Amino acid sequence: MSAPLDRAAILSEARAWIGTPYLHRASLKGHGADCLGLVRGIWRAVVGPEPEVLPAYAPDWAEAGRRETLADTARRHLVAVPLAEAQPGDVLLFRFRDHLPAKHAALLSDAGRMIHAYDGASVCETALTPWWRRRLAYVFAFPGVG
């Protein structure tokens, strides 16, 4: 049996991505990542090979599809956590509008901060402000987190 996955290792890896420029569909530390690419890169570093092939997606995929594609994929590979029980190292999924699917991912770094990548910026650690908290739709833990 393998040792439980350590939240400190998850956060260390996430912070190693800080400064990586935003690049849609990318997942290469130091070169480019979008929000999903950041989570994918952390997965590869702390869990292992990615569990499924990433399908093509456009920047407006959630608006166009109206399905919870990101959350459904997370449910297949991560462990759902109640919103109120989120811990550092957990994956956060946000919806930008109440009637739209979740389409932004971040990693909770402490009770009031998150690490994420977004268009026009780079991977950064920012405050989990009330604006973000209102949009939090799902929380997931990496598998095997102790």
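Refer to the structure printed above.
It should be emphasised that the depicted structure is a prediction, and the values quoted were computed from it without experimental measurement.

**Student:** Summarise the overall build of the protein chain; cite the residues concerned and give the values.
**Tutor:** In terms of helices and strands, the protein chain carries 5 helices and 8 strands. In sequence order, the secondary structure elements of the protein chain are arranged as α-β-β-α-α-α-β-β-β-β-β-α-β. Over its C-alpha atoms the protein chain spans a radius of gyration of 14 Å, differing by no more than 12% from the 15 Å that the globule rule assigns to 146 residues. In terms of principal-axis extent, the alpha carbons of the protein chain reach across some 40 × 35 × 30 Å. When burial is assessed residue by residue, the protein chain has 45% of its 146 residues classed as buried.

**Student:** Can you lay out the environment of Arg75 for me, pointing to particular residues and giving the numbers?
**Tutor:** Residue placement: Arg75 occurs in helix α4 (residues 69–77). On the basis of relative accessibility, which here comes to 44%, the residue Arg75 falls in the partly exposed class. Placed 65 residues apart in sequence, Arg75 and Ile10 show a C-alpha to C-alpha distance of 19 Å. Other than its neighbours up to four places away in sequence, Arg75 contacts Tyr138 and Phe140.

About the thresholds
- Residues numbered from 1 in each chain as written.
- Predicted model: local features only at pLDDT ≥ 70, side-chain atom pairs only at ≥ 80, totals over all residues.
- Heavy atoms only, no water.
- Helix = DSSP H or I, 4+ residues; strand = E, 2+ residues; numbered from the N terminus.
- Rg over C-alpha atoms; globule rule 2.2 N^0.38 Å.
- Buried < 20%, exposed > 50% of the residue type's maximum accessible area, 1.4 Å probe, protein only.
- Contact = heavy atoms within 4.5 Å.

In short, the description is geometric, and any link to function would need to be established separately.
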